[in-house]
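# Chains, contacts and geometry: an overview
Residue-level listing of the chains:
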Amino acid sequence: MFSAFFLSKKWALWAYAGLFVLLAFLYLQTSLNVAINEWYRDFYNILQKPNVQNAPLILDANATKIANENAQKALENANFINKGSIFYYQFLNECFFSSKSIAAKETYAMSDFYSSIAVFLCIALPYVFIATLSIYFASVYTFKWREAMTFSYLKFWKNKNDNIEGSSQRIQEDTYNFSKIVESLGLAFVKSLMILMAFIPILWALSEDVSKILFKNLSEDSIFYFLKDMQGLLVYVALFISLGGLVVSWFVGIKLPGLEYNNQKAEAAFRKELVYAEDNRKDYAKNETMIELFTGLKFNYKRLFLHYGYFNIWLIMFEQIIVIVPFLIMGPSLFAGAISLGVVIQINNAFDQVRSSFSVFITNWTKITELRSIHKRLSEFEKNILYKN
């Protein structure tokens, strides 16, 4: 499955150079995500502090200097993923606001609102282009992997004279599905890792003010008193929620891989009868045979739908409940005036990025289940055609 593509001299350029290009696309998308997260803070602060009287705005030179110095420190302290994105965002601020940071203003004019929209477009439009190009290149990469697997299997399969059940499906369908799902999951996991490296430092720093207000009234006798001085609270909350969700998902969906495997075997038998009937309708696809095969198929699908039903109940409930978690944590700080609306939105976005990255196994559980089923079928096929020998 992997050796046909990654250990072949013929496909080495595509396998490794193509993988590098895909990872480069992921890096650029992650960097632009960080820039958008920075934009959220400033944009919602503009909405929170409009200059409703249309009075002339007088800028405090000292406040502007301090804001620019803080922006420079943020750039210097950023890690290798965030540095490029923060530099790009500050460059856009200089272009549209003549300052690296707009945090020095007490109120904002309508022109600031439109300038902020322009900054967003300068981030979002490149993101759309890069994401679209990434999807296209990933599709080509997947098909190249399928091509490598197909012709590698054909050499061994043609030397086997005995009939191997579902061999046409394995070579045609499973090779493509395997390469597509592995590529999709692999990039999802790498992207999650990059997002964690980019957003955990941001969320960790933003957690400080939230923790102080949330636990300021805790008594020293409380068993939760240790939380009062805890750093990175929101990071730990995101990790705890994700790990808990993963454990529950594992037990709720434990039967799904086996059901997917049995379902594909029933589909293969039904398809095989139809393929034979294309050349000989007299001896194949008889009514009683098709009813028997379809009855087995129907039984498998009913079981599969039932088990996916209660798994989806859990998954949808999990995704809906976690939406309100960061707001419940940030609410006391917002109403105490410790953080602004812009910071609330920035924390919520960063929290969602970190939590979704921790939850990458949960959100891709259906694909993982399908991949486990395909891997089992292809492993059996390789064994039958003596592929590794």
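Note that this is a predicted model, so its numbers are computed, not measured. (Residues numbered from 1 in each chain as written. Predicted model: local features only at pLDDT ≥ 70, side-chain atom pairs only at ≥ 80, totals over all residues. Heavy atoms only, no water.)

Its domain assignment divides the protein into domain 1 (8–144) and domain 2 (160–388). Distance from the C-alpha centre of domain 1 to the C-alpha centre of domain 2: 29 Å. On the side of domain 2, 23 residues touch domain 1, which itself brings 24 residues to the contact. Summed over both sides, the interface between domain 1 and domain 2 buries roughly 2100 Å², with carbon and sulfur atoms accounting for 67% of that surface. (Domains from an automatic or database assignment. Contact = heavy atoms within 4.5 Å. Buried area = accessible area lost by both parts, 1.4 Å probe.)

Further remarks concern the nonpolar core. Counting 82 residues, the largest nonpolar core has Ile-123, Tyr-153 and Phe-178 as the members making the most contacts within it. By residue number, the principal contributor to this core is helix α6 (residues 167–214), which donates 15 residues. Each of two domains, domain 1 (8–144) and domain 2 (160–388), supplies a minimum of three residues to this core. Discounting residues that sit within four places of it in the chain, Phe-178 has contacts with Met-1, Phe-2, Trp-145, Met-149, Leu-371, Ile-374, His-375 and Leu-378. (Core = buried A, V, L, I, M, F, W, Y, C linked by side-chain atoms within 4.5 Å. Buried < 20%, exposed > 50% of the residue type's maximum accessible area, 1.4 Å probe, protein only. Helix = DSSP H or I, 4+ residues; strand = E, 2+ residues; numbered from the N terminus.)

Here we come to the UniProt feature "transmembrane region" (unreviewed entry) in the protein. Within this structure's numbering, the places UniProt gives as "transmembrane region" (unreviewed entry) are residues 12–30, 117–143, 185–206, 233–254, 308–328 and 334–351. Within residues 185–206, the helical portion is 100% and the strand portion 0%, while the C-alpha atoms at the span's ends are 30 Å from each other. Across residues 233–254, the secondary structure splits into 91% helix and 0% strand, with the terminal C-alpha atoms separated by 32 Å. (UniProt positions renumbered as here; feature names shortened; annotations may be inferred.)

This part takes up the state of the cysteines. In total, this model carries 0 disulfides according to the counting rule given. In this structure Cys-95 is not part of a disulfide, and its nearest cysteine sulfur, from Cys-122, lies 7.9 Å away. Note on Cys-122: relative accessible area 26%, which makes it partly exposed. (Disulfide = S-S within 2.5 Å.)

Moving on, we come to the environment of Lys-272. As for its placement among the helices and strands, Lys-272 is situated in helix α8 (residues 256–279). On a C-alpha basis, the gap between Lys-272 and Ser-167 in space is 9.8 Å, while along the polypeptide they are 105 residues apart.

Turning our eyes to something else, we now look at the packing of α6 against helix α11 (residues 341–358). The contact between α6 and α11 brings their axes to 8 Å, and the two run at 140°. What the angle tells us is that α6 and α11 run oblique. Judged by the sense of rotation from one axis to the other, the crossing of α6 with α11 is left-handed. Along its contact with α6, which presents Ser-192, Ile-195, Leu-196, Phe-199, Ile-200, Ile-202, Leu-203, Leu-206 and Val-210, the element α11 presents Val-343, Gln-346, Ile-347, Asn-349, Ala-350, Phe-351, Gln-353, Val-354, Ser-357 and Phe-358. (Axes fitted to C-alpha atoms, helices over the stretch in contact; angles between N-to-C directions. Parallel < 35°, antiparallel > 145°, perpendicular 65-115°, else oblique. Left-handed = near helix turned anticlockwise from the far one by under 90°.)

Here the focus is the packing of aromatic side chains. By the definition in use, this model includes 21 aromatic pairs. Taking 4.7 Å as the distance between ring centres and 40° as the angle between the ring planes, the aromatic pair formed by Trp-39 and Phe-120 counts as tilted. On the criterion of sequence distance, the pair formed by Trp-39 in helix α2 (residues 12–48) and Phe-120 in helix α5 (residues 110–157) is long-range, its members being 81 residues apart. By relative accessible area, which is 27% here, Phe-120 ends up partly exposed. (Phe/Tyr/Trp six-rings, centres within 6.5 Å; stacked < 30°, edge-to-face > 60°.)

Another aspect to go through is the side chain of Gln-346. Inspection of the secondary structure puts Gln-346 in helix α11. Looking at Gln-346, the relative accessible area reads 2%, which means it is buried. With near-sequence residues (within four places) excluded, Gln-346 lies in contact with Asn-37, Glu-38, Arg-41, Ile-202 and Leu-206.

Take the packing of α8 against helix α13 (residues 365–384) next. In helix packing, the relevant descriptors are the interaxial angle and the interaxial distance, both defined with respect to the helix axes. Where α8 contacts α13, the two axes come as close as 8 Å, and the packing angle between them is 50°. Put simply, α8 runs oblique to α13. The chirality of how α8 crosses α13 is right-handed. Contacts between α8 and α13 involve Leu-256, Pro-257, Glu-260, Tyr-261 and Gln-264 from the former and Thr-369, Arg-372, Ser-373, Lys-376, Arg-377 and Glu-380 from the latter. For the contact of α8 with α13, the per-class residue count stands at 3 nonpolar, 3 polar and 5 charged. (Nonpolar A, V, L, I, M, F, W, Y, C, P; charged D, E, K, R; others polar.)

Side-chain pairing between opposite charges can occur once the charged atoms of the two side chains come close. Enumeration according to the criterion identifies 3 salt bridges in this entry. A salt bridge links Glu-38 to Arg-41, with the nearest nitrogen and oxygen atoms 3.2 Å apart. Of this pair, Glu-38 and Arg-41 are both found in helix α2, 3 residues apart, which corresponds to roughly one turn of the helix. Assessed through its relative accessible area of 11%, Glu-38 is described here as buried. By relative accessible area, Arg-41 is classed as partly exposed at 23%. Measuring nitrogen to oxygen at the nearest pair gives 3.3 Å for the salt bridge that ties Arg-41 to Asp-42. For Asp-42, a relative accessible area of 4% translates into the label buried. (Salt bridge = Lys/Arg side-chain N within 4 Å of Asp/Glu carboxyl O.)

In this model helix α9 (residues 287–321) runs 50 Å from its N-terminal to its C-terminal C-alpha over 35 residues, within 8% of the 51 Å that 1.5 Å per residue would give. Considered for burial, the residues of α9 that qualify are Met-290, Leu-297, Asn-300, Leu-304, His-307, Tyr-308, Phe-311, Trp-314, Leu-315 and Phe-318. If you follow the buried residues of α9, they end up packed against α7 (233–252), α8, α11, α12 (360–363) and α13. (Expected span 1.5 Å × (residues − 1).)

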